[in-house]
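Chain residues, written in single-letter form:
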Amino acid sequence: MNEVERLNILHQYGILDTPHEEPFERIAALARLIFDTPIVLISLLDDDRQWLKSNIGLDLRETEREHAICNETIRSDDVLVIADTRQDSRTARNPFVIGNPYVAFYAGAPLVTSEKARLGSLCLMDREPRHFDERQIAILQSLAALVMREMELRRQIDQDWLTGATSRMAFHGTLERLVERMAPPSIGLLSFDIDHFKQINDRFGHMAGDRVLIEVVDVCRGVLRDGDILSRIGGEEFAVLLPGATAKSAVAVAERLRQAIEGSRRPEVDGAVTASFGVTMLDKSDQGLADPLRRADEALYQSKASGRNRVTCSWAMPAEIPGGVGRTRKGS
C-alpha cells in the first residue's frame, strides 16, 4: 500500500486532533501497568507529523514525523523492539534519544486496519535499556488490537461523539444514497473548517476548542433546513449536503453559514470564530464521490489561501452571487 492510500485511510477515521478519550486512555494505562514503563503512546502518523491520541508520560500531543521512531514500526506488521536505542543505527541520533525524554528502550506494535494499512503504533518507551521477551511481544500486539477495535467502533457510529453531527462514515453513506435517488443529482456540497483552530487549542486549551466545535454545529443547525446533512469529517473540518439545491442557492447557504459563525460571539476564546468554505455541485460527469469531495476541498483550500473567512466555489458563477464569494474553474 502506498503512502497516499495509507493517509487517506487514516483520515477516514476522523481521529486526528481529537481530545483524549477514555477507551484509549484505559488501554494506554493498562500497558503502562503491565510493562512498568514511564512512557506509553498511541501514535498516529500523519503526512508530516506524529500525532498522539494518548501520551502517558510525555507532555506532547504531536512531533515532527521525521523524528518518530514509529516510522520504523509501520514498515511491517511485527512488533518492533529496540532493546538499546543508543546502540541502534536507526535511532542512535534521534533527538528523543540523545535529548529529552532520553529514550533508551522502545517497543512498538503497529496499528493495522482491515485494509492492511499501518496507521501508527501502540508503543512503550523507557529511559534504560531492557529485555523484551516473546510473551511481552504477544501482550503488546493484543493491546494494539484493542486500540484498533476502538478506532473501528469510533468510525462506524452514525453520530459524531462530541458535536452530535453526522459521522464521516454515515455522511458518505448518505451521499451515496442521495446520488442513487436523484437523477440527475441536484445536490450541493459544502466543505468548511474553523479558521486557526490549532491556535484556539494552543491558547485556550482543548476544552475551549471542544466548546467551539459544539457551538459551531449548533449555529449551523439554526441556518440549515431539516433535510440538509451536517457532518463532522474530522478535527475542525465539516461538510454539508444540500439535497435539491441549485448552484446559486448552495453558495448562498454557505455565505449564510459563514456569517452566522462569524456573528456568534465566543467568550471562552475572547471573541469571534470564523470559518472558510468551499462549495461545489455534484455533476453527472463525476466519476464516483471522490470528484465532488475533491472539488469542495480544493475550493476550501483556496478560501484559506485567499485570507480565510470566505466562500469559494468550484465553478464559474454569475455576478449576482453575494459578495465575498470567490470563484474557481470547475475541476480546478
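Structure first, text after, so check above.
Every residue gets a number counted from 1 within its own chain, in the order that chain's sequence is written. The predicted origin of the model limits local features to residues at a pLDDT of at least 70 and limits the giving and counting of side-chain atom pairs to 80 or more, whereas totals for whole chains, interfaces and linings rest on all residues. The side-chain numbers reported here are obtained from all heavy atoms of the structure, hydrogens and water having been left aside.

Chemist: Would you mind going over the pattern of salt bridges in detail, with residue names and values included?
Modeler: Only one rule defines a salt bridge in this text: a Lys or Arg side-chain nitrogen within 4 Å of an Asp or Glu carboxyl oxygen. Applying the stated criterion to the full structure yields 23 salt bridges. A salt bridge links Lys 198 to Asp 202, with the nearest nitrogen and oxygen atoms 2.9 Å apart. Placement of both Lys 198 and Asp 202 in helix α7 (residues 197-204) is noted, with a separation of four residues, approximately one turn of the helix. Salt-bridge contacts for Glu 262 lead to Arg 258; the nearest nitrogen and oxygen are separated by 3.3 Å. Secondary structure elements are defined from DSSP: runs of H or I of at least 4 residues count as helices, runs of E of at least 2 residues count as strands, and each element is numbered from the N terminus.

Chemist: Kindly report on the environment of His 11, identifying the contributing residues and their values.
Modeler: Of note, His 11 is situated in helix α1 (residues 3-12). Type-normalised accessible area, obtained with a 1.4 Å probe on protein chains alone, sets the label of each residue: buried when under 20%, exposed when over 50%, and partly exposed for intermediate values. Relative accessible area serves as the criterion here: at 33%, His 11 is assigned to the partly exposed category. Considering only alpha carbons, one finds His 11 and Gly 235, 224 residues apart in sequence, at a separation of 9.8 Å.

Chemist: Break down α7 for me, with residues and values.
Modeler: Note on helix geometry: an α-helix contains 3.6 residues per turn, so any two residues three or four positions apart are oriented the same way. Here α7 has its buried residues at Phe 197, Ile 200 and Asn 201. For α7, the angular spread of buried residues about the axis comes to 95°, placing them on one side. Turned more than 90 degrees away from the buried face of α7 sit Gln 199, Asp 202 and Arg 203, all of them exposed. Within two residues after α7, Gly 205 carries a phi angle of roughly 100°, on the positive side. By definition, the arc is the one covered by directions from the helix axis to the C-beta atoms.

Chemist: Can you tell me about the packing of helix α2 (residues 22-35) against helix α5 (residues 134-156), naming the residues and giving the values?
Modeler: Their axes nearest at 10 Å, the elements α2 and α5 cross at an angle of 175°. With respect to α5, the axis of α2 lies roughly antiparallel. In contact with Pro 23, Phe 24, Ile 27, Leu 30, Ala 31, Ile 34 and Phe 35 of α2, α5 contributes Gln 136, Ile 139, Leu 140, Leu 143, Leu 146, Val 147, Glu 150, Met 151 and Arg 154. Grouping the amino acids of the contact of α2 with α5 by side-chain chemistry returns 13 nonpolar, one polar and two charged. Only the stretch in contact is used when a helix axis is fitted, and all axes are lines through C-alpha atoms; the angle between N-to-C directions ranges over 0 to 180 degrees. Oblique is the label for any angle not covered by the other classes, which are roughly parallel (under 35 degrees), roughly antiparallel (over 145) and roughly perpendicular (65 to 115). Working rule for contacts: check all heavy atoms of both residues, and any pair within 4.5 Å makes them a contact. The nonpolar class holds Ala, Val, Leu, Ile, Met, Phe, Trp, Tyr, Cys and Pro. Asp, Glu, Lys and Arg form the charged class, and all remaining residues, Gly among them, are polar.

Spatial relationships are all this shows, so hold off on functional conclusions.
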